[in-house]
Structure formats: C-alpha cells, structure tokens
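# Structural characterization, general
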Amino acid sequence: MAHLHFTQQLARFLNVPTVEVAAPRLRAALDSVFAQQPRLRGYVLDEQGALRPNVVIFVDGARCRELDDVLRPDSQVYILQALSGG
C-alpha cells in the first residue's frame, strides 16, 4: 500500500498521521484520505479540485505535476504546504 505523509504544517490544523492507501493513482489516494478527513481537502485542493498553489506533493522523491500520477504499491507520497512570510 502507498504511504501518504502529511507534513507538520498541516498537522497544526488537523490530525494527519501517515496513512496507508491502496490506490492506483494519486487522486484516488487523496480522495480516500479526504473521505476519512473531509476538512483536509480544503487545505490541499482548491474549490475546483486542483492542487492549491501553496501545496507541493512528492511521489517517490519526484515532484508531482498531475494528480493522476500513478502510484506503486510501495510508493511514498509527501504532501507539503509551502511556508511564506518573512
């Protein structure tokens, strides 16, 4: 199963432990997590279902460009919220 890791920036707002998900694509994996944690969706995706500009996702060490990226059964997915400010 793919492992989804949500960084500490998101953990400030929600309880988001590492989640194991059996899903063939990133969007399906995220939808599975959002079904369990509905409030998390608004932190990661915008109103049209696209990745928010301040969120970056890495799948197996490579930056994700599409939510339809394929996941392997042992994929490691890191969801990060960019920090801003001075």
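See the structure above.
The following refers to the structure shown.

The rules behind these values
- Numbers given to residues run from 1 along each chain, matching the order in which its sequence is written.
- In keeping with the model being predicted, local features are shown solely for residues with a pLDDT of at least 70 and side-chain atom pairs are shown and tallied solely at 80 or more, while totals for entire chains, interfaces and linings include all residues.
- Note that the side-chain values use all heavy atoms of the structure and ignore hydrogens as well as water.
- Pairing between two strands requires that DSSP report at least two bridges joining them.
- A run of H or I in DSSP counts as a helix once it spans at least four residues, and a run of E counts as a strand once it spans at least two, with each numbered from the N terminus.
- Relative accessibility thresholds used throughout: buried, under 20% of the residue-type maximum; exposed, over 50%; partly exposed, between the two (1.4 Å probe, protein chains only).
- The term salt bridge refers to a pairing of a side-chain nitrogen on Lys or Arg with a carboxyl oxygen on Asp or Glu at a separation within 4 Å.

Strand order in the open sheet formed by five strands is β2-β1-β5-β3-β4, and the pairing between neighbours is mixed. Two strands bound the open sheet, and with one partner strand each, they are β2 (19-21) and β4 (62-63). Direction of pairing for strand β3 (residues 55-59) relative to strand β5 (residues 76-81): antiparallel, over a ladder of five bridges. Bridge assignment links V59 to a residue of β5, and that residue is V77.

We note that D60 has phi near 50°; this positive angle belongs to a residue other than glycine. The topology assignment puts D60 in the loop between β3 and β4. Owing to a relative accessible area of 32%, D60 belongs among the partly exposed residues under this scheme.

Bringing the pattern of salt bridges into the picture now. Scanning the entire structure with this criterion turns up five salt bridges. Residue R52 is joined to E47 by a salt bridge in which the shortest nitrogen-to-oxygen separation is 3.6 Å. Using a relative accessible area of 67% as the deciding quantity, one classes E47 as exposed. D74 is paired through a salt bridge with R72; the nearest N and O atoms lie 3.0 Å apart. Note on D74: relative accessible area 48%, which makes it partly exposed. In the salt-bridge network here, residues are joined through shared partners; they are D60, R72 and D74.

Here we take up the environment of L71. With respect to the helices and strands, the residue L71 is situated in the loop between β4 and β5. The buried category is assigned to L71, whose relative accessible area is 6%. In this structure the C-alpha to C-alpha distance between L71 and A23, which are 48 residues apart in sequence, comes to 7.1 Å.

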